[in-house]
Amino acid sequence: MTMNPPVETEALFAGDRASAILATARAMVEDLHLGAVQRWKAANPGGMAIGYMPVYAPRPLFEAIGCLPVSILGGGDQIDIIRGDSYYQSYICHIPRSTIEMGLGGHLNCLDGMVFPSLCDVIRNLGGMWKMLFPERWSSYLDLPQNFALHLGGKFYASELTRIAKELEARGAKPLTAENLRIALKNENRRREAIAVLDDLRRREPWRLPASDAYLLVRAGGMLPAVEHAEMLEEFASAVMQRQARPFDNVRVVLVGSFCEQPPFDLIRTLEKAGCDIIEDDLMLGLRYIEHALDAESADPLETLAHGFIKFGAATASRYIGEEEKGAALIARVKATQADGVVFAAASFCDPALLDQPMLEAALDRAKIPFTAFKFAENTGQFQVIREQAGAFSDSVKLWF
Ligand code: SF4
C-alpha cells in the first residue's frame with residue numbers, strides 16, 4: 001500500500017468514460033444558471049421547475065404532477081455576495097445570502113416556484129423574504145412533521161402534500177393521480193438504489209471512487225428527473241469498474257454536519273489529500289434522506305410517501321430524536337462502515353449542526369471513537385489549516401488507534 005497518496009483521479013483516468021460522466025456532472029453543478037433545468041423545460045413544454053432548499057423535499061410528489069424538483073444549494077464559492085449580505089446579520093450561515101444573491105441576480109429565473117422545508121429558523125425567514133422579493137412566483141413553506149405517530153404526523157404531512165399539489169395544479173401543474181405518483185415512487189426507488197450502489201462502492205474501494213467524485217455525481221442529480229439521474233449513476237458505476245485502481249493506506253472517516261450548506265468542492269478534496277477516505281457523509285442528504293425503498297404498488301401512494309418520511313427518515317440534526325438515539329445512530333454508522341473516526345464539518349453559525357455536535361461528540365467519547373472538528377463557509381477559500389488539521393488527525397488515528 002502507498003502512504004498518503006495524491007488524490008488526482010481526474011489526471012489519472014483522463015479520457016475514460018467515467019471521467020466524461022464526472023466532467024458532465026461537474027459542469028452541471030458549477031452552472032449557477034441551472035442550464036440542466038433550462039434544457040428540461042425546453043424538452044417539456046409547460047413543465048414547471050420547483051426549487052427547494054435543503055435538506056429534504058418530497059421529490060416524487062413534484063415529478064408525479066409534471067414538475068421538476070430542483071435542489072438549491074446556494075452559490076458556493078462562485079458568486080460574490082453583495083445584495084445578499086444586506087438581508088442578514090453577520091452571525092448567520094452563508095447559504096441564505098448566496099440564495100438571495102442568486103435570486104436577485106436572475107440565476108434562478110428558470111424556476112417557477114420555491115419550497116422552503118422546515119429545517120431551521122434561517123430557512124423559515126428566507127421563505128418569508130422570498131415571498132416579499134418575488135411575490136409573483138409561487139413559493140411555500142413546507143412544515144415537515146416532528147410528531148412521528150402515523151395517525152398524527154403522517155396524516156398532517158399527507159395533508160401538506162395534498163395542499164402543495166393543489167396549489168401547483170392551480171398554477172398549471174398536472175393533477176395528482178395515484179397512478180402517476182406510483183410511477184414517481186418507482187423512479188425514485190431506482191435512483192435511491194443507484195446511489196446506494198455508489199455508496200457501497202466507495203465504502204469498499206474508496207481509492208476507486210473517492211467521496212469527491214461521488215459527491216459531484218449525486219449533487220448533479222438534484223436537477224435531474226429521477227430516472228435520468230439513475231441512468232447516469234448506473235452508467236458511471238459500470239464504467240468506473242473498468243479502471244485499474246490500487247488501494248491507498250488512508251484512514252476511513254465519516255463526515256458529519258454538512259447536510260445543508262455544502263462545503264466548497266476543494267475542501268472535500270483537501271480532506272482526501274490529507275489522507276482521509278470519506279466513506280460516509282451527510283453531503284446531499286436530501287437524496288438519501290429516505291433510507292428505505294417505498295412501496296410503489298401501494299393502494300394509497302400519497303400515504304406511502306408521507307409515511308415514508310415518518311418511518312424511514314434519516315437521523316439528522318433537523319429531525320427531533322432523543323440524545324441517546326442521536327449518538328447511537330452515528331456510532332452505528334461508524335461501526336457499519338468500519339470507519340476509523342469522525343470528522344465534524346459544519347457550516348459556520350449552523351445552529352442545527354452545532355447544537356447537535358456536543359451530544360454526538362459525547363457519544364463518540366463514550367465509544368472511544370476518535371474525532372476532529374472544524375467549521376467552514378460555502379465560499380471558504382483557504383484550506384491549508386484544514387489540511388494540516390485533517391493530516392494530523394489521519395496520522396494520529398494510524399499511530400494510536
Ligand atoms: S446551514 Fe444550518 S443554519 Fe444555515 S440554513 Fe442550513 S441548516 Fe439552517
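Provided above is the structure to which this section pertains.
Colleague: Before we move on, can you summarise the overall build of the protein with the specific residues and values?
Modeller: A tally of regular secondary structure across the protein gives 15 helices and 8 strands. For 401 residues, the compact-globule estimate of 2.2 N^0.38 gives 21 Å, and the protein sits close to it at 20 Å. When its C-alpha atoms are laid out on the principal axes, the protein stretches across 60 × 50 × 45 Å. Burial analysis of the protein (401 residues in total) assigns 49% to the buried set. A separation of at least 24 residues holds for 77% of the contacts in the protein among residues at least 6 apart in sequence.

Colleague: Outline the sheet that holds strand β2 (residues 67-71), supporting the account with residue identities and numerical values.
Modeller: Read from one edge of the open sheet, 4 strands run β2-β1-β3-β4, paired in parallel fashion. Looking at strand neighbours, the two that pair on one side only are β2 and β4 (138-142), the edges of this open sheet. Pairwise comparison of adjacent strand axes, ignoring direction, gives a mean angle of 25 degrees for this sheet. Strand direction decides the pairing type here: strand β1 (residues 48-52) and strand β3 (residues 113-117), joined by 3 bridges, are parallel. Among the inter-strand pairings, Y52 is bridged to a residue of β3, identified as V115. Each of β3 and β4 touches helix α6 (residues 121-133); the most contacted strand, β3, lies at about 155 degrees to it. Packing against the sheet, helix α7 (residues 150-170) makes contact with β1, β2 and β4, and its axis sits at approximately 180 degrees to β4.

Colleague: Outline helix α8 (residues 178-204), listing residues and values.
Modeller: Because an α-helix completes one turn every 3.6 residues, residues spaced three or four positions apart along the sequence face the same direction. With 27 residues, α8 extends 39 Å between its outermost C-alpha atoms, agreeing within 8% with the 39 Å of an ideal straight helix rising 1.5 Å per residue. Residues of α8 that are buried: L181, R182, A184, L185, N187, E188, R191, R192, A194, I195 and R202. Elements that come into contact with the buried residues of α8 comprise α4 (59-64), α9 (211-220), α10 (226-240), β6 (276-281) and α12 (301-312).

Colleague: Talk me through the nonpolar core; I want residue IDs and the actual numbers.
Modeller: If you look at the biggest cluster of nonpolar residues, it comprises 120 residues, and the most contacted ones within it are V342 and V343. At 7 residues, α9 tops the list of elements feeding residues into this core. The residues touching V342, leaving out its near neighbours within four places in the chain, are V253, V254, V256, V334, L364, I369 and F371.

Colleague: Quick rundown of the site of the ligand? Include the residues and the values.
Modeller: Around the ligand, the structure places 14 residues, and the nearest of them are C93, C120, V122, C260 and C350. The set of elements that each furnish at least two residues to the shell around the ligand consists of α5 (95-104), α6 and α14 (351-367). In terms of residue count, α14 provides more of the shell around the ligand than any other element does, 3 residues in total.

Colleague: Which residues make up the packing of α9 against helix α11 (residues 265-273), and what values do they have?
Modeller: One way to put it is that α9 packs onto α11 with a least axis distance of 9 Å and a crossing angle of 155 degrees. One element, α9, and the other, α11, form an angle in the roughly antiparallel class. Together, A211, S212 and Y215 of α9 and F265, I268, R269 and E272 of α11 make up the contact between the two elements. For the contact of α9 with α11, the class distribution of residues is 4 nonpolar, 1 polar and 2 charged.

Colleague: Outline the sheet that holds strand β5 (residues 251-256), supporting the account with residue identities and numerical values.
Modeller: Taking strand neighbours across the sheet as the criterion, the 4 strands line up as β6-β5-β7-β8 in an open arrangement whose pairing is parallel. The two strands at the open ends of the sheet, each matched to only one other strand, are β6 and β8 (371-376). Ignoring which end each strand starts from, the neighbouring axes of this sheet average 30 degrees apart. Where β5 and β6 come together, 5 bridges link them in parallel fashion. Following the sheet pairing, R252 is matched in β6 by D277. Each of β5, β6, β7 (341-347) and β8 is contacted by helix α15 (residues 384-400), which is oriented at about 170 degrees to β8, the strand it contacts most.

Colleague: Can you tell me about the pairing of β3, naming the residues and giving the values?
Modeller: Where burial is concerned, most of β3 is hidden: 5 out of the 5 residues are buried. Burial along β3 is two-sided: the residues G113, V115 and P117 and M114 and F116 are all buried. Bridge count between β3 and β4: 5 bridges; the pairing is parallel. Pairing of F116 across the sheet is with Y141, part of β4. The handedness of the β3 to β4 crossover, carried by α6, is right-handed.

Calculation notes
Residues numbered from 1 in each chain as written. Predicted model: local features only at pLDDT ≥ 70, side-chain atom pairs only at ≥ 80, totals over all residues. Helix = DSSP H or I, 4+ residues; strand = E, 2+ residues; numbered from the N terminus. Rg over C-alpha atoms; globule rule 2.2 N^0.38 Å. Buried ≥ 20, exposed ≤ 12 C-beta atoms within 10 Å, placed from the backbone. Contact = placed C-beta atoms within 7 Å. Pairing = 2+ DSSP bridges. Axes fitted to C-alpha atoms, helices over the stretch in contact; angles between N-to-C directions. Expected span 1.5 Å × (residues − 1). Core = buried A, V, L, I, M, F, W, Y, C linked by C-beta atoms within 7 Å. Near = placed C-beta within 6 Å. Parallel < 35°, antiparallel > 145°, perpendicular 65-115°, else oblique. Nonpolar A, V, L, I, M, F, W, Y, C, P; charged D, E, K, R; others polar. Right-handed = clockwise from strand over helix to strand, strands pointing away.

That is the geometry; function is a separate question.
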